[in-house]
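Residues per chain, in single letters:
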Amino acid sequence: MAENYCLHSRRINDFIDETFDGVRAPFTAGFELTAKCNLNCVHCYAKPGRSHEDMTTEEFKSIVDTLVERGLLDAYFTGGEIFTRPDFEELYLYTKKKGVMLSLLSNITLLTRKHVDLFKEYPVEVISTTMYGHSEEAYERVTSVKGSYKKFMDALELLHSSGIRFELKYVAMEQNYEDVYKMRELGKQYGVPMVVILDVHPMSDGSTAPMDFRLTPEEAFEFDIKDEGRRNFWKDVAKDMLSGEIGILPRRTVERFEQGYLYPCSIANQHVFITSDYKMQGCVRASYRQFDLRKGSFDEGWEFLQKEFLDRKSTKDYKCNKCQNIRFCEHCVANFMLTYGDEEHPDPFFCEVAALRRKFVDNEIARLLHKQA
Ligand SMILES: C[S@@+](CC[C@H](N)C(=O)[O-])C[C@H]1O[C@@H](n2cnc3c(N)ncnc32)[C@H](O)[C@@H]1O
Ligand code: SF4
Ligand code: SF4
(Lines give C-alpha, C1' and ligand atoms only; values in the text may rest on other atoms or scores of the structure.)
(Ligands and ions follow the chains in the order given, each with its own letter.)
Protein backbone atom coordinates (compact mmCIF):
# COMPACT_ATOMS: atom_id res chain seq x y z
CA MET A 1 0.00 0.00 0.00
CA ALA A 2 1.43 3.37 -0.97
CA GLU A 3 0.50 6.92 -0.17
CA ASN A 4 -2.61 8.60 -1.61
CA TYR A 5 -1.47 12.04 -2.72
CA CYS A 6 -4.26 12.72 -5.23
CA LEU A 7 -7.29 10.87 -6.59
CA HIS A 8 -5.27 9.46 -9.51
CA SER A 9 -2.83 7.88 -7.03
CA ARG A 10 -5.66 5.98 -5.35
CA ARG A 11 -6.38 4.13 -8.58
CA ILE A 12 -2.70 3.39 -9.14
CA ASN A 13 -2.32 2.20 -5.56
CA ASP A 14 -5.27 -0.17 -5.96
CA PHE A 15 -3.61 -1.56 -9.09
CA ILE A 16 -0.25 -1.95 -7.30
CA ASP A 17 -1.95 -3.58 -4.30
CA GLU A 18 -3.64 -6.14 -6.53
CA THR A 19 -0.68 -6.78 -8.82
CA PHE A 20 2.30 -6.67 -6.46
CA ASP A 21 0.82 -7.78 -3.16
CA GLY A 22 3.67 -8.71 -0.83
CA VAL A 23 6.41 -7.17 -3.01
CA ARG A 24 8.41 -4.40 -1.34
CA ALA A 25 9.65 -1.93 -3.98
CA PRO A 26 9.38 1.84 -4.61
CA PHE A 27 6.58 1.56 -7.19
CA THR A 28 5.48 5.12 -6.37
CA ALA A 29 7.44 8.16 -5.26
CA GLY A 30 6.96 11.77 -4.26
CA PHE A 31 9.61 14.37 -5.13
CA GLU A 32 9.68 17.64 -3.24
CA LEU A 33 11.48 19.62 -5.97
CA THR A 34 11.92 22.61 -3.67
CA ALA A 35 10.46 23.83 -0.39
CA LYS A 36 10.59 27.43 -1.70
CA CYS A 37 7.35 29.08 -2.73
CA ASN A 38 5.97 32.30 -4.17
CA LEU A 39 3.12 32.18 -1.62
CA ASN A 40 3.33 32.15 2.16
CA CYS A 41 0.36 30.15 3.44
CA VAL A 42 -0.29 30.43 7.16
CA HIS A 43 -0.48 26.66 7.61
CA CYS A 44 2.34 25.48 5.30
CA TYR A 45 4.19 22.44 6.67
CA ALA A 46 7.06 22.95 4.18
CA LYS A 47 8.20 26.33 5.58
CA PRO A 48 11.14 24.96 7.62
CA GLY A 49 12.74 23.72 4.38
CA ARG A 50 12.74 27.11 2.62
CA SER A 51 16.43 27.74 3.41
CA HIS A 52 17.56 24.26 2.27
CA GLU A 53 19.93 23.88 -0.61
CA ASP A 54 17.69 22.20 -3.18
CA MET A 55 18.77 18.95 -4.83
CA THR A 56 20.63 19.68 -8.05
CA THR A 57 19.39 18.72 -11.50
CA GLU A 58 22.01 15.94 -11.60
CA GLU A 59 21.06 14.62 -8.14
CA PHE A 60 17.43 14.51 -9.24
CA LYS A 61 18.23 12.60 -12.43
CA SER A 62 20.43 10.14 -10.56
CA ILE A 63 17.72 9.20 -8.03
CA VAL A 64 15.13 8.92 -10.82
CA ASP A 65 17.45 6.52 -12.68
CA THR A 66 17.82 4.36 -9.57
CA LEU A 67 14.13 4.39 -8.72
CA VAL A 68 13.18 3.40 -12.28
CA GLU A 69 15.61 0.46 -12.03
CA ARG A 70 13.95 -0.56 -8.75
CA GLY A 71 10.42 -0.48 -10.18
CA LEU A 72 9.12 3.11 -10.14
CA LEU A 73 5.83 3.38 -12.10
CA ASP A 74 4.13 6.49 -10.83
CA ALA A 75 5.37 9.69 -9.22
CA TYR A 76 4.33 13.15 -8.19
CA PHE A 77 6.20 16.45 -7.96
CA THR A 78 5.39 18.73 -5.06
CA GLY A 79 6.89 21.64 -3.17
CA GLY A 80 6.98 24.36 -2.01
CA GLU A 81 6.00 25.48 -5.46
CA ILE A 82 7.33 23.33 -8.31
CA PHE A 83 7.14 26.13 -10.90
CA THR A 84 9.68 28.23 -8.97
CA ARG A 85 12.40 25.78 -10.05
CA PRO A 86 14.15 27.18 -13.15
CA ASP A 87 14.86 23.62 -14.38
CA PHE A 88 11.25 22.41 -13.89
CA GLU A 89 10.76 21.59 -17.60
CA GLU A 90 14.01 19.59 -17.71
CA LEU A 91 13.05 17.54 -14.62
CA TYR A 92 9.55 16.96 -15.98
CA LEU A 93 10.75 15.77 -19.39
CA TYR A 94 13.49 13.60 -17.91
CA THR A 95 10.99 11.72 -15.74
CA LYS A 96 8.36 11.43 -18.48
CA LYS A 97 10.91 10.08 -20.98
CA LYS A 98 11.78 7.35 -18.47
CA GLY A 99 8.19 6.15 -18.84
CA VAL A 100 7.02 7.20 -15.37
CA MET A 101 3.42 8.39 -14.90
CA LEU A 102 3.61 11.85 -13.40
CA SER A 103 1.22 14.05 -11.41
CA LEU A 104 1.86 17.58 -10.22
CA LEU A 105 0.89 19.28 -6.95
CA SER A 106 0.94 23.04 -7.46
CA ASN A 107 -0.73 26.26 -6.36
CA ILE A 108 -0.77 27.07 -10.16
CA THR A 109 -0.30 30.83 -9.66
CA LEU A 110 2.87 30.61 -11.82
CA LEU A 111 1.32 28.36 -14.48
CA THR A 112 1.83 29.66 -18.04
CA ARG A 113 0.63 28.72 -21.51
CA LYS A 114 4.12 27.29 -22.13
CA HIS A 115 3.54 24.79 -19.30
CA VAL A 116 0.15 23.91 -20.73
CA ASP A 117 1.73 23.21 -24.15
CA LEU A 118 4.33 21.00 -22.46
CA PHE A 119 1.64 19.02 -20.60
CA LYS A 120 -0.30 18.54 -23.81
CA GLU A 121 2.71 17.19 -25.69
CA TYR A 122 3.93 15.05 -22.76
CA PRO A 123 0.73 14.35 -20.81
CA VAL A 124 0.51 14.87 -17.10
CA GLU A 125 -1.72 12.40 -15.22
CA VAL A 126 -3.35 15.14 -13.18
CA ILE A 127 -2.61 18.58 -11.82
CA SER A 128 -3.74 18.61 -8.22
CA THR A 129 -4.13 22.20 -7.13
CA THR A 130 -5.21 23.77 -3.87
CA MET A 131 -7.74 26.58 -3.74
CA TYR A 132 -7.40 28.33 -0.42
CA GLY A 133 -10.75 30.12 -0.36
CA HIS A 134 -13.80 30.90 -2.46
CA SER A 135 -13.56 34.65 -1.99
CA GLU A 136 -10.48 36.77 -2.60
CA GLU A 137 -10.46 37.78 1.09
CA ALA A 138 -10.49 34.21 2.42
CA TYR A 139 -7.97 32.98 -0.19
CA GLU A 140 -5.47 35.73 0.58
CA ARG A 141 -6.04 35.41 4.35
CA VAL A 142 -4.43 31.98 3.89
CA THR A 143 -1.77 32.70 1.22
CA SER A 144 -0.71 36.07 2.73
CA VAL A 145 0.06 37.41 -0.78
CA LYS A 146 -1.96 40.26 -2.28
CA GLY A 147 -2.94 39.59 -5.89
CA SER A 148 -2.51 35.79 -5.56
CA TYR A 149 -6.27 35.12 -5.88
CA LYS A 150 -6.46 36.77 -9.32
CA LYS A 151 -3.41 34.81 -10.49
CA PHE A 152 -5.01 31.59 -9.23
CA MET A 153 -8.35 32.27 -10.91
CA ASP A 154 -6.67 33.19 -14.24
CA ALA A 155 -4.64 29.95 -14.11
CA LEU A 156 -7.77 27.95 -13.25
CA GLU A 157 -9.47 29.28 -16.39
CA LEU A 158 -6.37 28.43 -18.42
CA LEU A 159 -6.37 24.87 -17.07
CA HIS A 160 -10.10 24.48 -17.56
CA SER A 161 -9.97 25.62 -21.19
CA SER A 162 -6.88 23.48 -21.96
CA GLY A 163 -8.59 20.15 -21.33
CA ILE A 164 -5.73 19.01 -19.05
CA ARG A 165 -6.95 16.78 -16.24
CA PHE A 166 -6.95 18.58 -12.90
CA GLU A 167 -8.48 18.30 -9.44
CA LEU A 168 -9.11 20.86 -6.72
CA LYS A 169 -8.22 20.57 -3.05
CA TYR A 170 -9.31 22.81 -0.24
CA VAL A 171 -7.82 22.79 3.26
CA ALA A 172 -10.61 23.91 5.61
CA MET A 173 -9.29 26.15 8.38
CA GLU A 174 -10.59 28.88 10.62
CA GLN A 175 -9.41 31.45 7.98
CA ASN A 176 -11.66 30.08 5.22
CA TYR A 177 -14.26 27.82 6.87
CA GLU A 178 -17.04 30.21 5.86
CA ASP A 179 -16.44 29.00 2.26
CA VAL A 180 -16.59 25.23 2.83
CA TYR A 181 -19.94 24.50 1.17
CA LYS A 182 -19.38 26.97 -1.67
CA MET A 183 -16.11 25.20 -2.44
CA ARG A 184 -17.83 21.87 -3.00
CA GLU A 185 -20.22 23.58 -5.44
CA LEU A 186 -17.31 25.17 -7.30
CA GLY A 187 -15.81 21.72 -7.95
CA LYS A 188 -19.15 20.72 -9.52
CA GLN A 189 -19.19 23.87 -11.69
CA TYR A 190 -15.77 22.98 -13.10
CA GLY A 191 -16.74 19.32 -13.36
CA VAL A 192 -13.74 18.19 -11.30
CA PRO A 193 -13.32 16.58 -7.87
CA MET A 194 -13.06 19.01 -4.95
CA VAL A 195 -11.26 17.22 -2.15
CA VAL A 196 -11.94 18.84 1.23
CA ILE A 197 -9.14 18.34 3.77
CA LEU A 198 -10.27 18.75 7.36
CA ASP A 199 -7.01 18.05 9.16
CA VAL A 200 -4.19 20.57 9.53
CA HIS A 201 -1.00 18.89 10.68
CA PRO A 202 2.33 20.10 12.11
CA MET A 203 5.22 21.49 10.07
CA SER A 204 8.05 19.25 8.90
CA ASP A 205 10.21 20.34 11.88
CA GLY A 206 7.44 19.45 14.36
CA SER A 207 6.21 23.00 14.93
CA THR A 208 2.54 22.72 15.89
CA ALA A 209 1.70 26.34 14.94
CA PRO A 210 -0.49 25.34 11.93
CA MET A 211 -2.69 23.23 14.20
CA ASP A 212 -4.00 26.43 15.83
CA PHE A 213 -5.96 26.97 12.59
CA ARG A 214 -7.70 23.60 12.68
CA LEU A 215 -11.45 23.37 12.85
CA THR A 216 -12.90 22.02 16.07
CA PRO A 217 -13.80 18.29 15.99
CA GLU A 218 -17.48 19.33 16.02
CA GLU A 219 -17.02 21.60 12.97
CA ALA A 220 -15.13 18.86 11.11
CA PHE A 221 -17.88 16.36 11.88
CA GLU A 222 -20.61 18.85 10.94
CA PHE A 223 -19.14 18.88 7.43
CA ASP A 224 -19.26 15.07 7.40
CA ILE A 225 -23.01 15.06 7.89
CA LYS A 226 -24.04 18.22 6.04
CA ASP A 227 -22.08 17.54 2.85
CA GLU A 228 -24.08 15.16 0.68
CA GLY A 229 -21.06 13.25 -0.64
CA ARG A 230 -19.54 12.76 2.80
CA ARG A 231 -22.87 11.86 4.43
CA ASN A 232 -23.53 9.24 1.76
CA PHE A 233 -20.04 7.83 2.28
CA TRP A 234 -20.74 7.21 6.00
CA LYS A 235 -24.22 5.87 5.21
CA ASP A 236 -22.60 3.37 2.84
CA VAL A 237 -20.18 2.36 5.59
CA ALA A 238 -23.22 1.66 7.81
CA LYS A 239 -24.85 -0.44 5.06
CA ASP A 240 -21.66 -2.40 4.39
CA MET A 241 -21.13 -3.04 8.09
CA LEU A 242 -24.70 -4.24 8.48
CA SER A 243 -24.43 -6.61 5.50
CA GLY A 244 -21.10 -7.90 6.84
CA GLU A 245 -19.23 -6.73 3.73
CA ILE A 246 -16.80 -4.80 5.91
CA GLY A 247 -15.90 -5.29 9.54
CA ILE A 248 -15.63 -2.74 12.31
CA LEU A 249 -11.86 -2.78 11.77
CA PRO A 250 -10.14 -2.43 8.37
CA ARG A 251 -8.58 -5.77 7.27
CA ARG A 252 -5.04 -4.56 6.50
CA THR A 253 -4.86 -2.55 9.71
CA VAL A 254 -5.93 -5.58 11.73
CA GLU A 255 -3.29 -7.75 10.06
CA ARG A 256 -0.49 -5.29 10.77
CA PHE A 257 -1.62 -4.73 14.36
CA GLU A 258 -1.99 -8.47 15.01
CA GLN A 259 1.63 -8.89 13.94
CA GLY A 260 2.57 -6.24 16.50
CA TYR A 261 3.55 -3.48 14.06
CA LEU A 262 3.25 0.18 14.96
CA TYR A 263 2.53 1.57 11.48
CA PRO A 264 -0.64 0.01 10.01
CA CYS A 265 -0.24 1.99 6.80
CA SER A 266 2.77 0.04 5.40
CA ILE A 267 4.84 3.21 5.22
CA ALA A 268 8.08 2.76 3.23
CA ASN A 269 6.72 -0.39 1.66
CA GLN A 270 5.78 0.52 -1.91
CA HIS A 271 6.37 4.26 -1.72
CA VAL A 272 9.25 6.62 -1.02
CA PHE A 273 9.46 10.39 -0.61
CA ILE A 274 12.51 12.44 -1.64
CA THR A 275 12.88 15.82 0.08
CA SER A 276 14.20 18.99 -1.53
CA ASP A 277 17.51 18.63 0.35
CA TYR A 278 17.93 15.11 -1.05
CA LYS A 279 16.86 12.96 1.83
CA MET A 280 14.66 9.84 1.74
CA GLN A 281 11.55 9.52 3.88
CA GLY A 282 8.92 6.78 4.21
CA CYS A 283 6.18 9.26 3.28
CA VAL A 284 5.70 13.02 2.99
CA ARG A 285 4.97 13.47 6.70
CA ALA A 286 7.64 11.24 8.23
CA SER A 287 10.34 13.95 8.32
CA TYR A 288 11.64 12.90 11.75
CA ARG A 289 13.69 9.94 10.47
CA GLN A 290 15.42 10.59 7.17
CA PHE A 291 18.22 9.02 5.19
CA ASP A 292 20.66 11.43 3.56
CA LEU A 293 21.19 10.47 -0.08
CA ARG A 294 24.30 12.69 -0.15
CA LYS A 295 25.88 10.31 2.39
CA GLY A 296 24.72 6.89 1.26
CA SER A 297 23.08 4.93 -1.55
CA PHE A 298 19.38 4.44 -2.26
CA ASP A 299 19.64 0.75 -1.28
CA GLU A 300 21.12 1.64 2.12
CA GLY A 301 18.35 4.20 2.60
CA TRP A 302 15.64 1.72 1.59
CA GLU A 303 16.93 -0.75 4.18
CA PHE A 304 17.10 2.02 6.79
CA LEU A 305 13.44 2.93 6.14
CA GLN A 306 12.38 -0.72 6.43
CA LYS A 307 13.95 -1.02 9.89
CA GLU A 308 12.82 2.38 11.10
CA PHE A 309 9.20 2.23 9.92
CA LEU A 310 7.92 -0.94 8.36
CA ASP A 311 9.47 -3.29 10.92
CA ARG A 312 8.92 -1.05 13.95
CA LYS A 313 6.85 -2.75 16.67
CA SER A 314 4.50 -1.09 19.12
CA THR A 315 4.65 -1.30 22.91
CA LYS A 316 1.92 -2.83 25.06
CA ASP A 317 0.64 0.67 25.92
CA TYR A 318 -0.28 1.53 22.32
CA LYS A 319 -3.96 2.51 22.38
CA CYS A 320 -4.72 2.62 18.66
CA ASN A 321 -4.21 -1.13 18.10
CA LYS A 322 -7.00 -1.83 20.60
CA CYS A 323 -9.30 0.92 19.37
CA GLN A 324 -12.74 0.03 17.98
CA ASN A 325 -13.08 3.42 16.24
CA ILE A 326 -10.11 3.15 13.89
CA ARG A 327 -12.30 2.75 10.79
CA PHE A 328 -13.67 6.23 11.50
CA CYS A 329 -10.31 7.79 12.27
CA GLU A 330 -7.64 9.59 10.19
CA HIS A 331 -5.11 7.80 12.43
CA CYS A 332 -1.54 8.79 11.40
CA VAL A 333 1.47 7.70 13.43
CA ALA A 334 3.69 10.27 11.68
CA ASN A 335 1.32 13.02 12.83
CA PHE A 336 1.51 11.76 16.41
CA MET A 337 5.31 11.78 16.30
CA LEU A 338 5.50 15.26 14.83
CA THR A 339 2.97 16.64 17.31
CA TYR A 340 4.02 14.91 20.54
CA GLY A 341 7.46 13.42 19.82
CA ASP A 342 5.79 10.07 20.57
CA GLU A 343 4.57 7.71 17.83
CA GLU A 344 2.05 6.10 20.18
CA HIS A 345 0.42 9.29 21.43
CA PRO A 346 -3.04 9.58 19.80
CA ASP A 347 -4.16 13.05 18.80
CA PRO A 348 -7.44 13.87 20.62
CA PHE A 349 -8.70 15.70 17.51
CA PHE A 350 -8.73 12.40 15.57
CA CYS A 351 -10.27 10.53 18.51
CA GLU A 352 -13.09 13.04 18.92
CA VAL A 353 -13.95 13.15 15.21
CA ALA A 354 -13.83 9.33 15.06
CA ALA A 355 -16.17 8.99 18.06
CA LEU A 356 -18.71 11.37 16.44
CA ARG A 357 -18.57 9.46 13.14
CA ARG A 358 -18.96 6.14 14.94
CA LYS A 359 -22.05 7.42 16.73
CA PHE A 360 -23.53 8.57 13.40
CA VAL A 361 -22.85 5.17 11.78
CA ASP A 362 -24.24 3.27 14.81
CA ASN A 363 -27.43 5.36 14.65
CA GLU A 364 -27.69 4.73 10.92
CA ILE A 365 -27.34 0.96 11.47
CA ALA A 366 -30.06 1.12 14.14
CA ARG A 367 -32.30 3.04 11.72
CA LEU A 368 -31.76 0.46 8.96
CA LEU A 369 -32.48 -2.42 11.35
CA HIS A 370 -35.66 -0.72 12.49
CA LYS A 371 -36.73 -0.31 8.84
CA GLN A 372 -36.06 -4.01 8.14
CA ALA A 373 -38.08 -5.15 11.20
C1 LIG B 1 2.93 21.77 0.58
S2 LIG B 1 1.74 21.98 -0.67
C3 LIG B 1 2.71 21.90 -2.15
C4 LIG B 1 1.90 22.09 -3.42
C5 LIG B 1 1.38 23.51 -3.68
N6 LIG B 1 2.27 24.51 -3.29
C7 LIG B 1 0.02 23.70 -3.06
O8 LIG B 1 -0.12 24.52 -2.15
O9 LIG B 1 -0.92 23.03 -3.51
C10 LIG B 1 0.86 20.40 -0.74
C11 LIG B 1 -0.48 20.39 -0.01
O12 LIG B 1 -0.24 20.35 1.39
C13 LIG B 1 -1.16 21.21 2.02
N14 LIG B 1 -0.62 21.61 3.33
C15 LIG B 1 0.40 22.43 3.58
N16 LIG B 1 0.60 22.53 4.89
C17 LIG B 1 -0.33 21.77 5.50
C18 LIG B 1 -0.64 21.47 6.86
N19 LIG B 1 0.05 22.00 7.86
N20 LIG B 1 -1.68 20.65 7.11
C21 LIG B 1 -2.42 20.11 6.10
N22 LIG B 1 -2.16 20.34 4.79
C23 LIG B 1 -1.13 21.18 4.50
C24 LIG B 1 -1.26 22.36 1.04
O25 LIG B 1 -2.38 23.17 1.35
C26 LIG B 1 -1.36 21.61 -0.25
O27 LIG B 1 -2.69 21.18 -0.46
S1 SF4 C 1 1.25 27.36 -1.87
FE2 SF4 C 1 1.72 25.31 -1.08
S3 SF4 C 1 3.93 25.30 -0.69
FE4 SF4 C 1 3.32 27.43 -1.04
S5 SF4 C 1 3.05 28.24 1.00
FE6 SF4 C 1 1.05 27.51 0.29
S7 SF4 C 1 0.89 25.36 1.02
FE8 SF4 C 1 3.04 26.00 1.16
S1 SF4 D 1 -6.20 8.11 17.22
FE2 SF4 D 1 -7.82 7.73 18.72
S3 SF4 D 1 -9.65 7.13 17.51
FE4 SF4 D 1 -7.84 6.98 16.18
S5 SF4 D 1 -7.20 4.85 16.34
FE6 SF4 D 1 -5.98 5.96 17.85
S7 SF4 D 1 -7.16 5.83 19.76
FE8 SF4 D 1 -8.55 5.25 18.07
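Everything numeric in this text was worked out from a predicted model, so none of it was measured. (Residues numbered from 1 in each chain as written. Chains lettered and ligands numbered in written order. Predicted model: local features only at pLDDT ≥ 70, side-chain atom pairs only at ≥ 80, totals over all residues.)

S.K.: When you look at the overall build of the protein chain in this model, what are you seeing that I'm missing?
M.R.: Helix and strand counts for the protein chain come out as 13 helices and 9 strands. Taken against the 2.2 N^0.38 rule, which gives 21 Å for 373 residues, the C-alpha radius of gyration of the protein chain at 21 Å falls within 12% of a compact globule. For the protein chain, the spread of C-alpha atoms along the three principal axes comes to 65 × 45 × 35 Å. Among the 373 residues that make up the protein chain, the fraction classed as buried is 42%. (Helix = DSSP H or I, 4+ residues; strand = E, 2+ residues; numbered from the N terminus. Rg over C-alpha atoms; globule rule 2.2 N^0.38 Å. Buried ≥ 20, exposed ≤ 12 C-beta atoms within 10 Å, placed from the backbone.)

S.K.: For this particular structure, what's the right way to read the nonpolar core?
M.R.: In a soluble, globular protein the nonpolar side chains are often hidden away together inside. If you look at the biggest cluster of nonpolar residues, it comprises 93 residues, and the most contacted ones within it are Ala29, Phe77, Ala172 and Ile274. Apart from the residues lying within four places of it in its own chain, the contact partners of Ile274 are Ala29, Phe31, Glu32, Ile63 and Met280. (Core = buried A, V, L, I, M, F, W, Y, C linked by C-beta atoms within 7 Å. Contact = placed C-beta atoms within 7 Å.)

S.K.: Looking at this model, I keep getting lost on the site of ligand 1. Mind explaining?
M.R.: Looking at ligand 1, there are 19 residues lining it, with Tyr45, Leu105, Thr130, Val200 and Pro210 nearest. The class makeup of the residues in the shell around ligand 1 is 9 nonpolar, 8 polar and 2 charged. (Near = placed C-beta within 6 Å. Nonpolar A, V, L, I, M, F, W, Y, C, P; charged D, E, K, R; others polar.)

S.K.: What's the story with helix α9 (residues 228–243) in this structure? I'm lost.
M.R.: A turn of α-helix holds 3.6 residues, and therefore any two residues three or four places apart point the same way. Over its 16 residues, α9 runs 22 Å from end to end, which matches the ideal 22 Å to within 8%, given 1.5 Å per residue. Immediately downstream of α9, the backbone of Gly244 shows phi near 85 degrees, a positive value. (Expected span 1.5 Å × (residues − 1).)

S.K.: When you look at the environment of Asp14 in this model, what are you seeing that I'm missing?
M.R.: With respect to the element layout, Asp14 can be found in helix α1 (residues 7–19). Between the C-alpha atoms of Asp14 and Cys329, which are 315 residues apart in sequence, the distance is 21 Å.

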